[in-house]
Amino acid sequence: MRLIAALTEKPWLTPGPGPSAPSAPAESESAARPWDKGVGLTVFLLVVTLLFTLMSSAYVMRMGGHAGHAGGGDWRPIGEPPLLWLNTGLLAAASLAFHAALGRARAGRPRRAGAALALGGALGLAFVAGQLLLWRALAGCFAGEAAAFCPAAAHGIPRGWAGDPAAAFFYLISGAHGLHILGGLVACALTGGRLARVDPGSLAARTGAARAVQLCARYWDFMALVWLALMGLFVST
Amino acid sequence: MHIALAIALLVLASILFHALSPWWQTPIASNWGSIDTALHVTLLICALAFVGLNLFLAYTLWKYRHRPGNRAHYEPENARLEKRLTFWTAIGIAGMLAPGLIAWHEYVTVPADAAVIEATGQQWQWGFRYPGRDGVLGTAAVEHVDADNPFGMNPRDPYGRDDVLVETNELHLPLGKPVKVVLRSKDVLHDFYVPHFRAKMDLVPGIVTYFWMTPTKSGSYEILCAELCGVGHHQMRGNVIVEDQRAYETWLGEQMTFGQMLAEREQQRGAGGTQLARAAPPAGAAAKAGGR
Amino acid sequence: MATIADDLRPLHHPKTWIGRYVWSQDHKVIAIQYGVTAIGVGLFALVLSFLMRLQLGFPGRFDFIQPENYLQFVTMHGMIMVVYLLTALLLGGFGNYLIPLMIGARDMVFPFVNMLSYWFYLLSVIVLFAGLFVPGGPTGGGWTLYPPQTITGGTPGASWGILMMMASLGIFVIAFTMGGLNYVTTVLQARTRGMTLMRMPCSVWGIFVASIMGLLAFPALFVAAIMTILDSVVGTSFFVPEIVSMGEKTGHTGGSPILFQHLFWFFGHPEVYIVALPAFGIVSDLISVHARKNLFGYRMMVWAIVIIGGLSFFVWAHHMYVSGMNPYFGFFFATSTLVIAIPTAIKVYNWLLTLWRGDIHLRVPMLFAIAFLFTFIHGGLTGLFLGNVSVDVPLSDTFFVVGHFHMVMGVSPVLVVFGAIYHWYPKITGRMWDERLARLHFWITFLGTYAIFLPMHYLGMLGVPRRYYALGDTVFIPDSVHYANMGITIAAGLVFAAQGLFFYNMIWSLFRGPRADPNPWGAASLEWQTPDTPPHHGNWGERLPTVYRWAYDYSVPGAARDFIPQNEPPPAQNPAGGPQA
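Just so it is clear, the model here is predicted, and its values are computed rather than measured.

Undergrad: Pulling in residues and values, what's your account of the packing of aromatic side chains?
TA: Counting across every chain of the model gives 76 aromatic pairs over all chains. Here the aromatic rings of tryptophan 24 of chain B and tyrosine 458 of chain C are separated by 6.3 Å at their centres, their planes lie at 40°, and the arrangement is tilted. With one member in each of two chains, tryptophan 24 of chain B in the loop between helix H1 (2–20) and helix H2 (33–63) and tyrosine 458 of chain C in helix H13 (residues 435–462) form a pair that bridges those chains. Classification of tyrosine 458 of chain C by relative accessible area gives buried; the value is 10%. Plain terms: the ring middles of tryptophan 32 of chain B and tryptophan 212 of chain B are 5.1 Å apart, the flat faces sit at 65° to each other, and that makes the pair edge-to-face.

Undergrad: Account for the environment of isoleucine 151 of chain C, naming residues and giving values.
TA: Residues and elements named next belong to chain C. Locating isoleucine 151 in the fold gives a position in the loop between helix H4 (111–130) and helix H5 (161–189). Residue isoleucine 151 is classed as buried on the basis of its relative accessible area of 14%. Between the C-alpha atom of isoleucine 151 and that of histidine 27, which follows or precedes it by 124 residues, the distance is 39 Å. Look past the residues within four positions of isoleucine 151 in its chain and what remains in contact with it is Ala158, Ile162, Thr228, Asp231, Ser232 and Val240.

Undergrad: Any chance you could break down the sheet that holds strand E1 (residues 115–122) of chain B for me, citing the residues and the numbers?
TA: Residues and elements named next belong to chain B. One open sheet holds the 5 strands; their spatial order is E3-E2-E1-E5-E8, and the pairing between them is mixed. Every other strand in the sheet has two partners, leaving strand E3 (164–166) and strand E8 (209–213) as the edge strands with one partner each. When strand polarity is set aside, the average angle formed by the axes of neighbouring strands in this sheet is 25°. For E1 and strand E5 (residues 179–185), the ladder comprises 7 bridges, and the chain directions are parallel. Note on E5: the bridge partner recorded for alanine 119 is leucine 183.

Undergrad: Tell me about the pairing of E5 of chain B, and please be specific about residues and values.
TA: Residue and element names in this part refer to chain B. Burial runs high along E5: 6 of the 7 residues are buried. Relative to E8, E5 runs antiparallel, the two sharing 5 bridges. Note on E8: the bridge partner recorded for leucine 183 is threonine 209.

Thresholds, definitions, all that
- Residues numbered from 1 in each chain as written.
- Chains lettered and ligands numbered in written order.
- Predicted model: local features only at pLDDT ≥ 70, side-chain atom pairs only at ≥ 80, totals over all residues.
- Heavy atoms only, no water.
- Phe/Tyr/Trp six-rings, centres within 6.5 Å; stacked < 30°, edge-to-face > 60°.
- Helix = DSSP H or I, 4+ residues; strand = E, 2+ residues; numbered from the N terminus.
- Buried < 20%, exposed > 50% of the residue type's maximum accessible area, 1.4 Å probe, protein only.
- Contact = heavy atoms within 4.5 Å.
- Pairing = 2+ DSSP bridges.
- Axes fitted to C-alpha atoms, helices over the stretch in contact; angles between N-to-C directions.

Now the structure itself:
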């Protein structure tokens, strides 16, 4: 509503300092706040959403669920390797750890927040390691090794994962997700470094660090949600 | 000053160019007059807008050019005027969209009595297939393509035996009969385009596409490829010959069917035969299938 | 929508020459880096287009242009002009330069990311040019890069060239995302005191909405690029079905070429508006300033930009009416496409009505803006032919399409770019260009481009197909078409040569031009009110400006001058009252 009000303003009728001018002392530069990185993060997450939505749409169209002619009739589901569930658990646990870190950072305990953040980061790393194992195991299936969870496609069709569209999509999409997780780990490490250096006596430094932890947690929640949606896609098709 | 004159002259030049240039649509040779109608309606509405808006622009530039002492009028907006302009624009848009959509509806609705003919594309030539006496095209796919079977005919499909195969870039069509042209590509995207027919559709590997039309004027027309398909794109040509039913049938009778082609190849190779011929069902099966 | 007025961090002032001009984080330097790189790359693409014209005008006369070279020229020309020139120049160049100055900020919100954006862009350009030297040369698959053709035999650059192109596009998308994040966040957060959304000049609105669109559309290109690379290198079958290429099966199965087209055009159509919207915004400002009149229907203009931006995500398949997709999609996409014409038409009306009863100063930037109106009306109207589904059937893939899109997104935005460069050159460099050279450049460019592209529409009506190396002996194409092609080539040569005037003028004026007035056009928007010309690092000296009015207070009744700068407070005795409209 505020947006609509802002966009229907007749700007020529209202000369003056303007409704959105802050009431802070007008002329001092030091009184204002720094940029809020959260807005940048939100815009970035929008881009990431589009990226995964497009890949998922391509997945569904290639599968043949699209009203057009797409889909070659060669689609065989990849099945549900148990590692998939374990990795999902790790990712969710990492999210929880980030929220714990956020709680402590807000409570003004940067050192303990740092410990929780490190735990979250470790869980995130474990997720990536789990994904690597999963990709290797799947590749093994397609190379002919028998394993309980090997997808139906892998038996008797020695074309490798590249020849199987469902597997190729799985590698593509989960790989892209993994890269985003790695990026998140870098941000998490930087935030951890900031927490370690924070002067516990300075309120501004503490609030700033808490905000950084909050953005980390937000990114992590988002990537966990993306993963859940992707899981839904993989498991239901 | 000069710019106002230039704009007015450009409008005039555009109209003259339209009237005097020798380049306009080829004479139509199919039933797609409705497409031409939609095009002409669109052209008329757009031409009116083009002339009107630009002459208004030229007049404004001349009338309100800067002269010492001039001051612009202050008017932030005029909601009434903007609403009226929006309304009339919408009317104009609807006026051209309606014939466009009607023609498109016709274009995508194939009449039930249309004869089926297949055009296949590969870099950089055309091939054509007629369903033969049974009126049904046999199944075909890229997986069956080899040197002996350029159309990728399914050797196990009895419907394919009497299909007439033409490898010479020349398509014959009977005059005045609706025809559904089924399109298949063996390698990359192509597009079957005959300017005189107005119709056009891409050939997409992996799927079968189609369009339909009724040739209404006998003669020979050029087929162009209208979707970039590699270095030979500009040389991927063919001819379509529209002729009366008798001439068409005579021509069709002279072409080889898939069955004849197989038999001939078998003869040439002696008793060994090709794997393809051995896998084929006995001739009786084809005759029986043809009778259905 | 809260505005944070000031930046409290001390700006990082570089000490060395390299720090100031190479690894610079100043938005103005980055803008110039972006602009110069983009124009340089664009010049290369212009040469390519002239080579293409030589072949079309005089087929067989130039031995070094073989069919594969011709297709490579077509592809590189198209991709460079759309992505590496126009997108980079309008957003990376003008976006970077204008946003902070027009909204009263000291810099972008993330200056370091902004710098990275430029260097990634440069890397993408280097990779693109490296593609010229790989075995097999650059890809010749047409700028649309449709598989399977781009990665199978019979197309130049099918093995290495396409990989370099896709890699370069991928890097470009990353560069754009970093830049776009900055533009959007800066507009949302760094507006100075009093700069409400509806007080922003239309240039900022156009760039802002185009940036959002770019952020949402480029991922589609990114995904398509990666999937094409996988299909080519690893042998996946995302886009390539079972095919026999040059007599051999490629080993792919079941892929969907149409899937690529959907992804490509989901990027490709918004891309048209990513180029057009900044041009719309800039031209609005040029017309208003030089007609000394407020932009007519400012609110409608802003809404139209937003509506066009939103709708443009629902029209992509109008590029695919005859692609073999489900034909029933045609009904939806034809309707959505023609609906988008309504807000676009409103923009045209409002530009014309801004001129109406104005006080029109026909300076060079204004001439370019007026020429834009003419070419854009022409190109926009021919777009209705192609959007109107069944009319598109005979015209698609003919020279009508070539004429249309060059008029609407080639010539039109480029005219705006020229107008914008002439308009802001005094602010950017502190010097003035040579008037006579600029006028000569304008007349040859404007009349020449119309002479090039008007006849193309008629060749397309006749049915002359595009992307043909040579027309050969085609019965339905009369000899007069060959003369038309010759004439077009000669006009293209003239226009090509006339650009020399522009470059000479710009470079000569940089050193020898007379010192420019800080506000030579009497413009009201904020970028002309900087304390220094050209603006120093930090833009605003000691204090950020405070904005008291919109960007279009021209010829306000009762005001002493015919413009009131945005940062001029209203008379003290009447702080809330507006001008008597």
